[in-house]
Amino acid sequence: MLTPQGLKGKQYRITGNAYPRLGRPPKKSRKVMALIGSLLALALIALGGVQLYDIFTGKGKNSSAQACATPSGKPLAAPTPTPDAPAGDPHAIPQPAGFKLNVFNATTKSGLAGRTADEFTKRGFTVDKKGNAPAELDKKVPGTAVVISGPAGAGAATLISSQIAGATVTTDARTDNTVDVVVGDSYNTLLDETQAAAALALATKPSPTPSTNGSC
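Residues numbered from 1 in each chain as written. Predicted model: local features only at pLDDT ≥ 70, side-chain atom pairs only at ≥ 80, totals over all residues. Heavy atoms only, no water.

All chains considered together, the criterion is met by 3 salt bridges. Among the ionic pairs, Asp-138 bridges to Lys-139, the shortest N-O distance being 3.2 Å. Residue Asp-138 is classed as partly exposed on the basis of its relative accessible area, which comes to 25%. Among the residues examined, Lys-139 registers a relative accessible area of 52% and is labelled exposed. Residue Asp-172 pairs with Arg-174 through a salt bridge whose shortest N-O separation is 2.8 Å. (Salt bridge = Lys/Arg side-chain N within 4 Å of Asp/Glu carboxyl O. Buried < 20%, exposed > 50% of the residue type's maximum accessible area, 1.4 Å probe, protein only.)

Here it is, written out as structure tokens:
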């Protein structure tokens, strides 16, 4: 005997041998659920498409760079480009005729300083002195050459060293921009002008800037 709620104690008898079964949800409910599922699928597809677009167009790089932070939690500052060397910078590469060059022979090969000086002159350099190396360097340069300048002649020394394969550069206390080149036992001749230009480009190549591809 079952007494449904709200019937104030009245009793009803269920007869027969068939019992009610739970039916399927109404068709309207199924349609609503199907519509919600379709909308969710479309939203996921659209989100994936946006992410792929950002990857292929590079727009995601800025957001990843902004995510990088210092230990203090502040975003990393964008790298500042290195400005060109200002006028008067001693490291700036001068014109060949913009300084005086002295050529010295530290070997036992006779006339080597004169021949080397002539080669430099043909390339537009201004040779001031030529002759045997001073006593402290005579027969003490085992490599191709030593290029010597003061701080004011740093750029000129770089230019001269690019003309000789394997030349080493050193500085002394002179205050002008003159440069000495002391040829050693391994020296034969200057590099050809194409090789010298390539060596100068390599010597003056800017240092690589920090990567901005999103890695911290």
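Attention now goes to the nonpolar core. Among the nonpolar cores identified, the biggest contains 21 residues, and Phe-99, Leu-101, Phe-120, Ile-160, Ile-164 and Val-181 are the most heavily contacted of them. Of all the elements in the fold, those that place two or more residues in this core are strand E1 (100–105), helix H3 (112–122), strand E3 (145–149), helix H4 (154–161) and strand E5 (179–183). Residues within four places of Ile-160 in sequence aside, it is in contact with Phe-99, Leu-101, Phe-120, Phe-125, Val-147, Val-179 and Val-181. Counting 8 residues, the second largest nonpolar core, distinct from the first, contains Phe-104, Ala-106, Ala-133 and Leu-137. (Core = buried A, V, L, I, M, F, W, Y, C linked by side-chain atoms within 4.5 Å. Helix = DSSP H or I, 4+ residues; strand = E, 2+ residues; numbered from the N terminus. Contact = heavy atoms within 4.5 Å.)

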